[in-house]
Amino acid sequence: MTGSVLRSQAFLFRGALVLFLAVAPGCAPQGMAPPSDLSGSLPTDGTGDGRKTQRPPALVWLPQSVGYEIFVRSFADSDKSGDGDLPGITARLNYLQDLGVDLIWLTPIHPSPSYHGYDVLDYDAVNPDFGTLSDLDRLLSEAHRRGMRVLLDLVANHTSNKHPWFLAAEKDAPTSGPEAGRYLFRGSDPGWPMNSRHYFKPVPDGSGRFFFSFFSGALPDLNYRDPRVLPAIKDVVSLWIGRGADGFRLDAARYLEEWPDPISATSEPAVADTADTHKTWRALRETAVARDPGAALIGEVWADMDTIAQYRGGGDELHGCFHFPLAGAMLDGVNRGDPGPIRDALSAMARTTVPASFLAPFLSNHDQQRSATVLQGKGARMRQAAALLLALPGPPFLYYGEEIGMEQSTDPKLTGDRAQRAPMPWDTVTAQRADAGSLLNHYRKLIRLRRATPALSSDLLRVLTATDGRLLALQRGGSQGVAAVYNLSDVEVAGAHVELPADYALGPQKDLLAELPAAAAAADAGNRGRYPLPAIPARGAVWITGG
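Everything numeric here is computed off the predicted structure, so don't read it as measured data.

**Some remarks on the side chain of T453**
Part 1 of the argument: Mapped onto the elements, T453 comes out in the loop between α15 (439–452) and β15 (461–464).
Part 2 of the argument: Apart from residues no more than four positions distant in its own chain, T453 is found in contact with V482 and L512.

Right, dumping it as structure tokens:
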């Protein structure tokens, strides 16, 4: 989403340590090479239909991916225009590949009157600030050549109030003409408030008509009851997947269709998570996978765990959703040195029926304060948060600059949301690449280990019991899994033990995070229930495995 409408939402979970089991979709390959199989892709130069054949479905490749969100206007400026652009991203693909990323999410690339792009003017075109269709084709082609996939941002809930559809609808609104049907107009404001605002905004022509908008007057909601709207959005999905996109991040996924119809409703309708919204996403998924069996839809469902889980449907709706409750819990827990919020969020995961891989973990995104700003104490906490993120199931996503500890901008010209969407500091990247102990090289190491250790991208996650309350202990994977243990305190923890599950593989163990995979105590039948952990430094972590 574009702003701070839902930023103040918080969710509190309480629960015991629990077991979460699901079927793993497959194993990650060894080494640094991205696991993506892009065989069968046709060139994306616009000369063919762009259909990709013989591609694994998203449920196979998505959990093995490491994602990276790019706010296009801020990432890389190839022509010194002051705006980031598509050629700039293409020029930095080697950097992303070296980092270990193989899934890129681009914020909206379409023409828009705003700097952020979430008020789309033309779904079928590329914003000239960012380049041309040919530039996009080259980006997609070069990404695929490197084994990387690209998600576009699909803004399906609303358009710009300057979109041709809305301009035509405004003209027809006073007489309830046919063009008005694409949006939600009524003759008076029923006065339904949302956070001290009103859903209905006045049409500026003085006609006395009002239109529905969940977010702002610049973002009028589409009316999916109109027979033209869903086919038009299906065409958008088909167009960009046909051109080579590998799927979509779905903006404001909860809000597509209200119930009852706001035009005729006599009381405030449900605006989120309606049955019709779920039905529409199922239809759009069907369109996407018909165009490319490997396409993925990942939803922005900024809500509690139970609500997020609904968007999997019966396995026929979205392929994944971003895990907002866990993101907040990780930053809160790491910041306060308290494992409790993280344990509670993981317990909430276990109470759902969705596989762990459905939930994409992250620390922050373009709508939130940057994680390096939230995590006071910076370096050690950022390193620990990274080690936690990269050991979780589902496709982890980094927000551009997170890998170098990029903070909120203090430039007075970058106010509000712009402060967390500032230009990428490439000089900092250069400096950190040369520093073996930098946060950037820490991320590179963690991603490399994730690629080389199938358990870290599996669906199986257990919260383990540790004898010291300052520790968070997880098992990742099955019998050949990893015991990931985090010391969230500011002092070393020594002499602690963890209860390993009965199916944990016995034998010699090693700590993957040590400089030279150092030996850890062997696991045997006598100590498995009370396994002795090595001393864990303040804000440190160990990834112990016998696999």
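**Some points on the packing of aromatic side chains**
Part 1 of the argument: Summed over the entire model, instances satisfying the criterion amount to 24 aromatic pairs.
Part 2 of the argument: Relative to F212, the ring of F200 lies with its centre 5.5 Å away and its plane at 75°, an arrangement referred to as edge-to-face. Here the residue F200 occupies a position in strand β8 (residues 200–202), and F212 occupies one in strand β9 (residues 210–212), the gap between them amounting to twelve residues.
Part 3 of the argument: Overall, F212 belongs to the buried group, its relative accessible area being 0%.
Part 4 of the argument: An aromatic cluster is present here, built from W192, Y199, F200, F212, F214, F215 and Y255 joined pairwise through their rings.
Part 5 of the argument: Cation over ring: R92 sits above W426, and NZ or CZ is 3.8 Å from the ring centre.

**A look at the confidence of the model for the chain**
Part 1 of the argument: Scored by pLDDT, the chain comes out at a mean of 90, with 90% of its residues at no less than 70.
Part 2 of the argument: For the stretch residues 39–51, pLDDT sits under 50, and the model shows 29 contacts to residues farther than four places along the chain or on other chains.

**Observations concerning the nonpolar core**
Part 1 of the argument: Grouped together as the largest cluster of nonpolar side chains are 141 residues, with contacts concentrated most on Y68, L106, Y486 and W543.
Part 2 of the argument: Within the second largest apolar cluster, 17 residues are counted, among which are A483, V498, L500 and Y504.

**Comments concerning the sheet that holds β8**
Part 1 of the argument: A sheet is described by the order of its strands in space; here three strands give the open sequence β5-β9-β8, paired in antiparallel fashion. Edge positions in the sheet fall to β5 (185–186) and β8, since each of these pairs with one other strand and no more.
Part 2 of the argument: Here β5 pairs with β9 via two bridges, running antiparallel. What sits directly across from F185, in β9, is F211.

**Let's talk about the environment of W426**
Part 1 of the argument: Its place among the elements puts W426 in helix α14 (residues 426–433).
Part 2 of the argument: W426 sits in the buried class, given a relative accessible area of 13%.
Part 3 of the argument: C-alpha separation for the pair W426 and I404, spaced 22 residues apart in sequence, amounts to 9.8 Å.

**Brief notes about α14**
Three- or four-residue spacings in an α-helix give side chains the same orientation, since the helix completes a turn every 3.6 residues.
Part 1 of the argument: Burial in α14 covers these residues: W426, V429 and Q432. In a view along the axis of α14, the buried residues occupy a sector of 120°, so they form one face of it. Those residues of α14 that are exposed and aimed more than 90 degrees away from the buried face are D427 and T430.
Part 2 of the argument: Here the buried face of α14 lies against α2 (72–75), α4 (93–99) and α15.

So, how was this worked out
As a convention, each chain's residues are numbered from 1 in the sequence order in which they are written. The model is predicted, so local features are restricted to residues of pLDDT at least 70 and side-chain atom pairs to those at 80 or more, both for listing and for counting; the totals for chains, interfaces and linings are taken over all residues. Only heavy atoms go into the side-chain values, all of them from the structure, while hydrogens and water stay out. A run of DSSP states H or I qualifies as a helix once it reaches four residues; a run of E qualifies as a strand once it reaches two. Both are numbered from the N-terminal end. In this description, contact between two residues means that some pair of their heavy atoms is separated by no more than 4.5 Å. In this scheme Phe, Tyr and Trp rings, the latter by its six-membered ring, pair at centre separations within 6.5 Å, and the angle between planes marks the pair as stacked below 30 degrees, edge-to-face above 60, and tilted otherwise. Exposed residues in this analysis have more than 50% of their type's maximum accessible area, buried residues have under 20%, and partly exposed residues fall in between, with area computed by a 1.4 Å probe over protein chains only. Geometrically, a lysine NZ or arginine CZ counts as sitting over a ring once it is within 6 Å of the ring centre and also within 35 degrees of the ring normal. The predictor reports its confidence for every residue as pLDDT, a score running from 0 up to 100. Only buried residues count toward a nonpolar core, which is a set of Ala, Val, Leu, Ile, Met, Phe, Trp, Tyr and Cys residues joined through side-chain atoms within 4.5 Å. Following DSSP output, two strands are said to pair if at least two bridges run between them. Arc, as used here, means the arc of the directions from the helix axis to the C-beta atoms.

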